[in-house]
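Structural overview
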Amino acid sequence: MNPKLQFGNDVATRHERFETDSYGGIYIVGDVHGSRKILERLLTELDLADDDLVVFVGDLVRKGPDSPGVIDLVREDPRLVSVRGNNEQKIVRGDKDPDWLRDGDREYFESLPVAISFDNVLVVHGGIDPQRSLADHTVEELLTMRSPHGDGYDGPFWYDDYDGPYRVFFGHTVHDHPVEREHAVGLDTGCVYGGTLTAYDYRNDEFRTVEAKTHQERANSKIVDPA
Ligand SMILES: [Mn+2]
């Protein structure tokens, strides 16, 4: 019953598929942005079993206080996997060279898939343009999609019009609460801006959130209300 995923060549080689039978709990987590402490609290709250799987929507790093700490936490636990976000991509491309970057960090970002799928779920950082086939999307587009025919934060947003066949889980666009639609689930709830860090519990179809304790300002114009 799962629709076949057909990617363009550059994406196909960076797509990773998981068979859900092999896992107990499955969680998908929004943008962390170097907020290791709130990530630790979320993981404590999820209380992972050995056969659980956690998929991050990317943007593990930048903006927050402890990007290396987040990298270490994710890399050291085989239950934690991530797609590449646009913030990892900026480092891969060499556009950003942050002070905290260590030997091996860039190679790690380069090793991250740009798409993860299981069942009818597709996890990408940005999103997909509902008016074009998945195969037509470049890596860059999957990582940065927001308003395919508009201008940044003004919308309409890709998920306003997207009606499947996949259920796409994404980050990148900050919302004051998770976007929950039949075919699109937005998980970036701005933890680095004093919002929350959100996980979606796939087995139980419910959101799990922890509050941030730090504050960094973000213009309200850059936080989207999905209602
Ligand atoms: Mn982000």
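Here the structure is shown first, and the text comes after it.
Notes on the structure follow. Keep in mind the model is a prediction, meaning the values are calculated, not measured. (Residues numbered from 1 in each chain as written. Predicted model: local features only at pLDDT ≥ 70, side-chain atom pairs only at ≥ 80, totals over all residues. Heavy atoms only, no water.)

Attention now moves to the side chain of Asp129. The residue Asp129 is located in the loop between β6 (121-123) and α6 (139-144) in this model. Within the local environment of Asp129, its side chain forms a polar contact with the backbone nitrogen of Gln131, the two atoms lying 2.9 Å apart. Here the side chain of Asp129 touches His149 through a polar contact of 3.4 Å, side chain to side chain. With sequence-adjacent residues up to four places away left out, Asp129 is seen in contact with His137, Met145, Pro148 and His149. (Helix = DSSP H or I, 4+ residues; strand = E, 2+ residues; numbered from the N terminus. Polar contact = N/O pair within 3.5 Å; in protein donor to acceptor, adjacent residues only side chain to side chain. Contact = heavy atoms within 4.5 Å.)

This next bit is on the packing of aromatic side chains. This structure, assessed with the given rule, holds ten aromatic pairs. Here Phe118 and Tyr202 contribute two aromatic rings whose centre-to-centre distance is 5.1 Å and whose plane-to-plane angle is 80°, an arrangement assigned as edge-to-face. Of this pair, Phe118 sits in strand β5 (residues 115-118) while Tyr202 sits in the loop between β10 (196-201) and β11 (206-211), and the two are 84 residues apart along the sequence. Tyr202 shares its class with Phe118; the two are buried. On the basis of an interplanar angle of 85° and a centroid distance of 5.6 Å, the ring pair of Trp158 and Tyr159 is categorised as edge-to-face. Tyr159 gets classed as buried once you look at its relative accessible area, which sits at 2%. By way of ring pairs, the aromatic residues Phe157, Trp158, Tyr159, Tyr162 and Phe170 are connected into one cluster. (Phe/Tyr/Trp six-rings, centres within 6.5 Å; stacked < 30°, edge-to-face > 60°. Buried < 20%, exposed > 50% of the residue type's maximum accessible area, 1.4 Å probe, protein only.)

Before going further, it helps to spend a moment on the coordination of the manganese ion. Each donor-metal-donor angle in an ideal tetrahedron of four donors is 109.5 degrees, and each such angle in an ideal octahedron of six donors is either 90 or 180 degrees. Looking at the manganese ion, one finds its protein donor set to be Asp31 (OD), His33 (NE2) and Asp59 (OD), positioned 2.1 to 2.4 Å from the metal centre. As a motif over one chain, the donors of the manganese ion read D-x1-H-x25-D. Here the residue Asp31 occupies a position in the loop between β2 (26-29) and α2 (36-46), and Asp59 occupies one in the loop between β3 (53-56) and α3 (67-76), the gap between them amounting to 28 residues. A single burial state applies to Asp31 and to Asp59, both of which are buried. (Donors = N, O, S within 2.8 Å, 3.2 Å for Na, K, Ca; no water.)

The mixed open sheet is built from five strands, whose spatial order is β4-β3-β2-β10-β11. Lying at the two open borders of the sheet, with one neighbouring strand each, are β4 (80-82) and β11. With direction set aside, neighbouring strand axes in the sheet form an average angle of 25°. Where β2 lies against β3, four bridges are found, and the strand directions are parallel. Across the sheet, residue Ile28 finds its bridge partner in β3, namely Val55. (Pairing = 2+ DSSP bridges. Axes fitted to C-alpha atoms, helices over the stretch in contact; angles between N-to-C directions.)

Burial along strand β7 (residues 167-170) is two-sided: Arg167 and Phe169 facing one way and Val168 and Phe170 facing the other are all buried. When β6 meets β7, the two strands line up parallel, connected through three bridges. Counterpart to Val121 in the pairing with β7 is Arg167. Sheet analysis places β7 next to strand β9 (residues 184-186), joined by three bridges and oriented parallel. Counterpart to Phe169 in the pairing with β9 is Val185.

Functional significance is not addressed by these values, which are geometric in nature.
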